[in-house]
Amino acid sequence: MVTLAKRPARLHHTAYVTHDLEATRKFYEEVIGLPLVATWCEVDELFGAQRTYCHLFFGLGDGGALAFFKFAKPEDEKLFGPKMPESPFHHIALNVDEETQAAIEKRLADAGYAPPKSFVLEHGYCRSLYIVDPNGMILEFTVDAPDAAEINADRLKDAHSELKRWLAGDHSIN
């Protein structure tokens, strides 16, 4: 196993293409509560052509951001903005406290988000609120279980052996 001398400090940003900047801004800023912290209007030579785009950043508590691109030309948007998969197994999970999760859940309900666009799963190690954004991206807002430190310590101790067991065909739960 390769061990880095120092791990990356945090996620700087994760980026996606949006079809509607204002719907994306309204959702993330007014419904979810993430502030718009930067708007970059750019033109760059990318992959053999001049690309004109707007790049929005919505701030997270640790200084990272969720970012969204909107291209001026529809052909650039089509080229760089593949359709989001409609799968709960392709999503971004953000850790929140109970109060923040409840506030997001209320704002979502007030804005008309209901199943299947919004749902909750109790995983045991966390409570997860899932939501589909205006771009078709799935977000998960998680509240860790009160004993998350102990749960995580147990999973750390057996992470490699559990992977090996699973790969060998033993698909029982742990």
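Bear in mind that the values here come from a model prediction, so they are computed numbers and not experimental data.

Colleague: What is the right way to read helix 1 (residues 21-32) from this model?
Modeller: Side chains that are three or four residues apart share a direction in an α-helix, a result of its 3.6 residues per turn. If you check helix 1, its first and last C-alpha atoms are 15 Å apart, about what 12 residues at 1.5 Å a residue would give, namely 16 Å. Burial in helix 1 covers these residues: Thr 24, Arg 25, Phe 27, Tyr 28, Val 31 and Ile 32. Taken together, the buried residues of helix 1 touch strand 2 (36-46), strand 3 (49-59), strand 4 (65-71), helix 3 (98-110), strand 7 (126-132) and strand 8 (138-144). Among the residues of helix 1, the N-terminal cap falls to Asp 20, whose side-chain oxygen and the backbone nitrogen of Glu 22 are separated by 3.2 Å. Of the residues flanking the end of helix 1, it is Gly 33, one or two places downstream, whose phi is positive at about 100°.

Colleague: Before we go on, may I ask you to explain the pairing of strand 6 (residues 118-122) in this structure?
Modeller: Looking down a regular strand, the side chains alternate between one sheet face and the other. Note: strand 6 against strand 7, five bridges, orientation antiparallel. Among the inter-strand pairings, Phe 119 is bridged to a residue of strand 7, identified as Tyr 130. Linking strand 6 back to strand 7 in an antiparallel pair, the connection comprises three residues, with Gly 124 at a positive phi of about 100°.

Colleague: Could you clarify how one ought to interpret the packing of aromatic side chains in this entry?
Modeller: The way to describe two aromatic rings as a pair is by their centre distance and the angle between their planes. On inspection of all chains with the given rule, the structure shows 12 aromatic pairs. Ring geometry for Phe 58 and Phe 68: centres 6.2 Å apart, planes at 65°, overall edge-to-face. Residue Phe 58 is found in strand 3, and its partner Phe 68 is found in strand 4; the two are separated by 10 residues along the sequence. Consider the rings of Phe 69 and Phe 71, whose centres lie 6.3 Å apart with planes at 15°: the pair is stacked. Comparing Phe 69 with Phe 71, the two get one shared label, buried. By the ring-pair criterion, three or more aromatic residues cluster together here, those being Tyr 16, Phe 27, Tyr 28, Phe 58, Phe 68 and Tyr 113.

Colleague: Whenever I open this one, unusual backbone geometry confuses me. Can you help?
Modeller: Most peptide bonds adopt trans geometry, and most residues besides glycine take a negative phi value. Even without being glycine, Phe 47 reaches a positive phi, approximately 55°. Relative to the assigned elements, Phe 47 resides in the loop between strand 2 and strand 3.

Colleague: What is the right way to look at the side chain of Thr 142 in this model?
Modeller: Among the structural elements, Thr 142 can be located in strand 8. Those residues in contact with Thr 142 that lie beyond four places of it in its chain are Ala 93, Leu 94, Asn 95, Val 96, Gln 101, Cys 126, Arg 127 and Ser 128.

Parameters at a glance
Residues numbered from 1 in each chain as written. Predicted model: local features only at pLDDT ≥ 70, side-chain atom pairs only at ≥ 80, totals over all residues. Heavy atoms only, no water. Helix = DSSP H or I, 4+ residues; strand = E, 2+ residues; numbered from the N terminus. Expected span 1.5 Å × (residues − 1). Buried < 20%, exposed > 50% of the residue type's maximum accessible area, 1.4 Å probe, protein only. Contact = heavy atoms within 4.5 Å. Polar contact = N/O pair within 3.5 Å; in protein donor to acceptor, adjacent residues only side chain to side chain. Pairing = 2+ DSSP bridges. Phe/Tyr/Trp six-rings, centres within 6.5 Å; stacked < 30°, edge-to-face > 60°.

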